[in-house]
Every structure is written in C-alpha cells, then in structure tokens.
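# Architecture and fold: a report
Below, each chain spelled out in residue letters.
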Amino acid sequence: MADATRHGVSRRGLLKAASAAAGVAAGAGAISGFPTIWAQNIKDVELKHAGLPVTCIGLIADQATKDLGFKVTMQAAESADLLNRLLSQSSAMDVADVSLVYMKYLEGRDVLQTIPVGKFKNWDATSPLFTSSVYPDGRQASRQGVTPFTILYATDASGKAFSATPTEFLNCVPTITNADTLGIRPDLVGRPVTSWSDLISPDFKGKAALQDNPTVGVIDVAMAVEARGDIKYGNKGNMTRDEIDKTIKLMTEIKQSGQFRSFWTSFDQSVNLMASGEVVIQSMWSPAVTAVRTRGIPCTFQPLKEGYRGWGYSFGMMKHLSGLKLDCAYAYLNWYTAGFAGAVVAREGYYSAQPQNAKKFLSQTEWDYWYGGKPAAEDIHDPFGKLMEKAGRSRDGGSYDERMGHIAVWNTVMDEDRYLTRRWNEFITS
C-alpha cells in the first residue's frame, strides 16, 4: 500500500473513506449487506479485474483486497488484446476496464451486464462530461467521435441497445479519462509546435510517429490534415467513405514521402521512440511523456490550438456474474470509484471520472499540480514513489478544466468502421 500519510490522508481516514464507499464495517473486516452465510464465505472470493497495464496495478488490487475482505487480482493487457479477450474469453474475467469506443463492439453481444444507477453509489460524483455531455459551466461538450454519453445508458436491463437519453441502467461506469495531444522533444524540434498540422510537416520528415490503431490513429491524422487545410470534415469522428478514401490517399502519399519513422502499438514503444530521439513529434499519452522525462530527457505534452483528442475507460461487469460474486463486484465498483484508485492513476497523469473523490486521496500539492495546473509546491512522485516532476514545474496544458474543456473530438468507432479498418491496414502496409 502507498504511504497514505505522505499523500495527505491518514491511514484511518483512508480506510474510513474506502469503507464508507464499499459498505465495509470499519474495523470489522466484513462487508455489510450480504446474507450471513455469504459474509462467512467472502474471504474465499477472488474477483478478477482485466484492464490496461497502467490501470491494472497491484497497488490498487492490494488495497482493495485489504479494505473489502475478498481477493482482487489484476490481469493486464494492451487495449487491442483486451478487446479480443472481452469478445472471446469474458468468462475468464469478472470486471474489466472497457474503452468507451470498444463499447460499440460489445453492444448486444451478452458480454456485459447492465448496472442499475441505484447500485452505483458514486453516480453523483461522476463528472457531467460523462453523464450528460456538458461541462460544469454548462457548455456543450464536443459530439464528434464516440462521446461518453452516447454509450453510457442502456435502453433496459438487458443491455441489448444504447439509449440516446438517460435511463436507470448503465452499460458501464466511467472511471478514467484524459485529453491527448502531440508529444514533442523540445530540444530537438528546432521550432515552436502549435498545431496538429505539425505532425505532417516536412520539417519533421523521418522523425514523426503515429499510433497504429484505426480508432485512434485516424483521428490524429484527421486533426492534422484538417488543420493543414487539406480536408474539411463534416464530422471527423464519423467520416463518410469518401472522406475516409481522401484521408487515406493523402496519408499514404505523406507516408511514402518518408514522413513517419514508426507506427507504435504500445506505451513502451512510444516512450522508447521519443527517449531515443528517433522520433521528435508523435501522438502520445500524457503518462508516456512523463515516463520520458523521468529518464532526464526533455519531453513536452504540447497544447495545440485546435484542441485535444478525448478518450475514456469504464468499469464493466461480465454477464456471468451472479450471487455473492456479483455483490462483491458492486462493492468493488463502489470502492474503485471512491477515490483511492482515482488518486493512484492521477499520479500517472490520468484523470478520474469522479475527480472530487480522487481529491480526497491526494495531497493539496498533488491536487494543485495534477488537476489545478499549478506549479508543484514540492517534488511530485508517481504511485510507487518515483520522482515524476521537480518542484516548481507545472503540468503541460494547464488545469483539468483547460485540458478536458478543449476536447475537439473523441476517440471513435465510425459507422464505416469495417471499411476504415481495411483502408487503415492498407495505409500501414503501403
């Protein structure tokens, strides 16, 4: 377990908050609300949580196990592998981190069961960006791409179809989000980078990279070519076939000119490309930029005038859950969204969909740095105590509101997804 006192929360306070969220009787080590015989057998339960390497962290599983009284284990997999497992081996897991866009692939496949809003105790703490697609100040969020609101609600308890309006049944619970942009090596780019169009600028020929994932990579491509003025999309998060063809044709020409050094598929690949200097500009995740900096190498998560690409993950419950294990899954859901896990991922550079809950488990310095965009009052550390940033440095892009408040488009699965995937693969292999 992380040193709770170091993060501004006493051990007693941490356990009290987690216990209140999950229904744990503080000090008793048992979960209330279960039949007596189930409470006696709860220690024999193992809840398997499948997700990304950056979220399926032993630190979270260990604390959940300690607080809840049953065993939580993590199964880490990269995003595409996780989707394949959800589609073919969902019985081997109990709960999972499900990409918001991947919900499109799972709709109607009896992989997940719905979650009644009434059983999710942290609903009111969930950002309206997810629950109603508006910002706290009332502004409408971007509707380009797969916005969280469009996949959140189920028409009924069966979960067979998405609902366009709020209902009492959730397909999943939003948990983690971020606003992505380009990562750059400021010591190597040689000039200011201010636009997505810089990704395809000849100035960086042979020194640029893309993420090899059609649901993400094509959005970065679209941001770049639209910013340069090559194409004006009706909705770059849901392109027509003609728009897809024009985009792939243009990008193939750019690729064949030698623009791209690599197409990465994992967190570690993106970090190594940047740290080595082989690439000086590429699509990146915020924690990957930080990982480069922890090696003592300059790297910036560069704000761009066109805005950010938004994404999110959610907590999904497998269809096979029932009885005691299902009740344990609800207890874990409510614990997971109560703040401890949100604080852990915040120290990696991600945002919680329940930000005020995460705040309870962050020190004031951490909150001011990660969410407030303020200069760090003291050194900032990752979840394992490793130095992330020196005192005095501010987070690239500023505050949570400045970053999440300027999402231009969300990651996507388009209506023409199969056609796009085929054309994207042609682009990658061209």
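Read on for an overview of the structure. (Residues numbered from 1 in each chain as written. Predicted model: local features only at pLDDT ≥ 70, side-chain atom pairs only at ≥ 80, totals over all residues. Heavy atoms only, no water.)

Moving on to the overall build of the protein chain. A count of helical and extended segments in the protein chain gives 17 helices and 18 strands. For the protein chain, the C-alpha radius of gyration of 21 Å lies close to 22 Å, the compact-globule estimate for 430 residues. C-alpha atoms of the protein chain, sized along the principal axes, occupy 70 × 50 × 40 Å. Put simply, the protein chain has 430 residues, and 60% of those count as buried. Across the protein chain, the fraction of contacts at a sequence separation of at least 24, relative to all contacts at a separation of at least 6, is 69%. Accessible area of the protein chain: about 16,500 Å², with a carbon and sulfur share of 50%. Considering the protein chain, the positive charge centre built from 46 side chains and the negative charge centre built from 45 side chains are found 2 Å apart. (Helix = DSSP H or I, 4+ residues; strand = E, 2+ residues; numbered from the N terminus. Rg over C-alpha atoms; globule rule 2.2 N^0.38 Å. Buried < 20%, exposed > 50% of the residue type's maximum accessible area, 1.4 Å probe, protein only. Contact = heavy atoms within 4.5 Å. Areas by Shrake-Rupley, 256 points an atom, 1.4 Å probe, with all protein chains shown as cover. Lys, Arg positive; Asp, Glu negative; His and termini not counted. Charge placed at Lys NZ, Arg CZ, Asp CG, Glu CD.)

Turning next to the nonpolar core. The biggest cluster of nonpolar side chains holds 105 residues, and the ones touching the most others in it are Phe70, Leu86, Met317, Tyr332, Trp335 and Tyr371. The biggest single contributor to this core is helix H12 (residues 323-336), with 10 residues. Setting aside anything within four residues of it in sequence, one finds methionine 317 in contact with Asp94, Val95, Val111, Leu112, Gln113, Ile115, Leu326, Ala329, Tyr330 and Leu333. One finds Ile200, Ala208, Ile231 and Ile428 within the second-largest nonpolar core, a separate group that totals 38 residues. (Core = buried A, V, L, I, M, F, W, Y, C linked by side-chain atoms within 4.5 Å.)

Our next topic: the packing of aromatic side chains. Summed over all chains, the structure comprises 22 aromatic pairs. The interplanar angle of 80° and the centroid separation of 6.0 Å between the aromatic rings of tryptophan 311 and tyrosine 313 together place this pair among those described as edge-to-face. The pair formed by tryptophan 311 and tyrosine 313 is uniform in burial state, with each residue classed as buried. Judged by centre distance (4.8 Å) and plane angle (80°), the ring pair of tyrosine 369 and tryptophan 370 falls under edge-to-face. Under the relative-accessibility criterion, tyrosine 369 is labelled buried at 1%. (Phe/Tyr/Trp six-rings, centres within 6.5 Å; stacked < 30°, edge-to-face > 60°.)

With respect to the helices, strands and loops of the structure, threonine 114 is situated in the loop between strand S6 (112-113) and strand S7 (115-116). Looking at threonine 114, its side chain comes within polar contact range of the main-chain oxygen of alanine 157, at 2.8 Å. (Polar contact = N/O pair within 3.5 Å; in protein donor to acceptor, adjacent residues only side chain to side chain.)

It is worth spelling out the side chain of threonine 175 at this point. Relative to the helices and strands, threonine 175 is located in strand S9 (residues 173-184). Residue classification places threonine 175 among the buried positions, given a relative accessible area of 4%. Excluding residues within four positions of it along the chain, threonine 175 makes contact with Tyr313, Ser314, Phe315, Tyr336, Thr337, Tyr351, Ser352, Ala353 and Gln354.

What follows deals with the pattern of salt bridges. For the structure on display, the rule yields 25 salt bridges. Between arginine 241 and glutamate 416 there is a salt bridge whose closest N-O contact spans 3.0 Å. Linking arginine 241 in helix H9 (residues 241-256) with glutamate 416 in the loop between strand S18 (407-410) and helix H17 (417-429), this pair joins segments that are 175 residues apart in sequence. Accessibility expressed as a relative area gives 44% for arginine 241, which makes it partly exposed. Arginine 423 is paired through a salt bridge with aspartate 245; the nearest N and O atoms lie 2.5 Å apart. Here arginine 423 is found in helix H17, whereas its partner aspartate 245 is found in helix H9, with 178 residues between them in sequence. (Salt bridge = Lys/Arg side-chain N within 4 Å of Asp/Glu carboxyl O.)

Here we take up H17. It helps to recall that an α-helix has 3.6 residues per turn; residues three or four apart then point in one direction. Its 13 residues give H17 an end-to-end C-alpha distance of 18 Å, which sits within 8% of 18 Å, the value for a rise of 1.5 Å per residue. What H17 keeps buried is the set Asp417, Tyr419, Leu420, Arg423, Trp424, Phe427 and Ile428. Where H17 is buried, its residues contact helix H5 (103-106), strand S10 (208-211), helix H8 (214-228), H9 and strand S11 (260-264). (Expected span 1.5 Å × (residues − 1).)

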